Amino acid sequence: MNYEQILGRLCALSGPSGFEESVTQAAAELLRPLTDKVYITRLGSVAGVRRCGRENAPKLLLDAHLDEIGFIVTGHDEGFLRFAPLGGVDPRMLPDREVVILTAPPVFGTVACLPPHVQSGEDMDKSQPIKDLVIDVGLSQETAERRIPAGTPAAYRGGCTPLGEDLLCGKALDDRCGFAVLLDVLERLKDKPLDVDLYVLGSTQEETHSTGAVTAAYEIEPNLCVAVDVTHGDSPDASKHETFKLGGGPVIGVGPNCARSLSGRLKELAKELDMPVQIEVMSGSSGTNAWPIQVSREGVATAVLSIPERYMHTPVEVVHKQDLEDTAALLAAFVESLGEEGVSC
């Protein structure tokens, strides 16, 4: 899998929660050569199905969300745009940030900011609330109201680019790097027999309320699920006890949101593969789609497999290419192991 190429394509697209159409269409194109069927759900998620050929085979769902944090226009102020966040936007990231307004065609904008020369010392030391910020699109009030009505979404401007030899940096790596991993899993399993029907889901609206995954899981009725997402990566100013090393391997979730049998199997397989892994204790909700999927219908045995990521929910998220490769290898081995003696489906 050429992660740089795939993520360059996916991350260049704008798909804030509730407005993911361009991303789901691209994801569907990438899924088609690797699956038997691809379809779009009612809430816009994309699902690819690879059938094993066995009648009434168990269903395994692999999920990664395609949406990103973003913004929605709420009004106009002398041609500037008022806006609200879609998902967990950090207001510290916003002043002087470049954004794309998702009109047809898209409009470039920048979040307005005061230069340091005209700020007080007190203002320079604190972030501004989002309600006090505006986006400058260089338009008059009349033109802005006509071309960019309230309710128009926006997203950070950017894509994905190499950072040094081993890292990738960009926007929306949370969680398009997880979806790229699922494509890699499908490639690794392309000519291998399976004992489960494999569903790969690129879900929508995770950054708001996980509604894409909730509804897709209800429709698919999986027996098992692995939610692939990002978790907090190490950086010089972050707690060593709450972050995970980039290049240190996939992160296996452990806790009430994670079926012990599945977490245990992932650990065993990593040992068999001589692969480094890291353990994240999740004492409550994992903060991923695994939380609602676990209680879909009668309940779904669910695991969480995470990729360490620096600077989450910023336009400069960073992941390690080896972590992506190892996560795909571990997950492919997990899928192959289902149906073996002693491994429950």
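Worth saying up front: this structure is predicted, and the values here are computed from it rather than measured. (Residues numbered from 1 in each chain as written. Predicted model: local features only at pLDDT ≥ 70, side-chain atom pairs only at ≥ 80, totals over all residues. Heavy atoms only, no water.)

K.L.:
Account for the overall build of the protein, naming residues and giving values.
P.N.:
Per the secondary structure count, the protein includes 9 helices and 17 strands. Taking 345 residues into account, the globule formula puts the C-alpha radius of gyration at 20 Å, and the protein, at 21 Å, falls close to it. Residues classed as buried in the protein amount to 53% of the 345 residues present. Taking contacts inside the protein between residues at least 6 apart in sequence as the whole, the part at least 24 apart equals 75%. Total accessible area computed for the protein in this model is approximately 15300 Å², and 49% of it derives from carbon and sulfur atoms. Across the protein, the mean location of the 30 positive side-chain charges is 3 Å away from that of the 51 negative side-chain charges. (Helix = DSSP H or I, 4+ residues; strand = E, 2+ residues; numbered from the N terminus. Rg over C-alpha atoms; globule rule 2.2 N^0.38 Å. Buried < 20%, exposed > 50% of the residue type's maximum accessible area, 1.4 Å probe, protein only. Contact = heavy atoms within 4.5 Å. Areas by Shrake-Rupley, 256 points an atom, 1.4 Å probe, with all protein chains shown as cover. Lys, Arg positive; Asp, Glu negative; His and termini not counted. Charge placed at Lys NZ, Arg CZ, Asp CG, Glu CD.)

K.L.:
Lay out the state of the cysteines in plain terms, naming residues and giving numbers.
P.N.:
Applying the stated criterion across every chain yields a total of 0 disulfides. Here C11 stays unpaired: no disulfide links it, and the sulfur of C160, its closest cysteine neighbor, is 4.8 Å away. The class of C11 is buried, set by a relative accessible area of 0%. (Disulfide = S-S within 2.5 Å.)

K.L.:
Explain the sheet that holds strand β17 (residues 317-320) to me, and be specific about the residues and the numbers.
P.N.:
The antiparallel open sheet is built from 3 strands, whose spatial order is β10-β11-β17. Single-partner strands in this sheet number two, and they are β10 (160-163) and β17. Strand-to-strand, the axes of this sheet are offset by a mean angle of 30°, without reference to chain direction. The pairing of strand β11 (residues 167-170) with β17 spans 4 bridges and is antiparallel. Counted as the bridge partner of L167 is H320 from β17. Sheet contacts for helix α5 (residues 173-188): β10, β11 and β17; angle to β17, the most-contacted strand, approximately 30°. The sheet contacts of helix α9 (residues 321-337) involve β11 and β17, and relative to β17 the element is tilted by about 60°. (Pairing = 2+ DSSP bridges. Axes fitted to C-alpha atoms, helices over the stretch in contact; angles between N-to-C directions.)

K.L.:
With reference to specific residues and values, describe α9.
P.N.:
Its 17 residues place the ends of α9 25 Å apart at the C-alpha level, agreeing with the 24 Å of an ideal helix rising 1.5 Å per residue. The buried count for α9 comes to 12 of 17 residues, which makes it a mostly enclosed element. Within α9, the full set of buried residues consists of D323, L324, D326, T327, A328, L330, L331, A332, A333, F334, V335 and S337. Where α9 terminates, the next one or two residues include G339, which has phi positive at roughly 100°. (Expected span 1.5 Å × (residues − 1).)

K.L.:
Describe the pattern of salt bridges, listing the residues and the values that go with them.
P.N.:
Scanning the entire structure with this criterion turns up 15 salt bridges. Of the charged contacts in the structure, one is a salt bridge between R188 and D184, with a shortest N-O distance of 3.0 Å. Taken together, the residues span about one helical turn, with R188 and D184 both in helix α5 at a distance of 4 residues. For D184, a relative accessible area of 2% corresponds to the buried category. Note that E336 is salt-bridged to K192, the shortest N-O span being 3.6 Å. Here K192 lies in the loop between α5 and β12 (197-203) and E336 lies in helix α9, a separation of 144 residues in the sequence. The network of salt bridges with common partners includes E68, K171 and R176. (Salt bridge = Lys/Arg side-chain N within 4 Å of Asp/Glu carboxyl O.)

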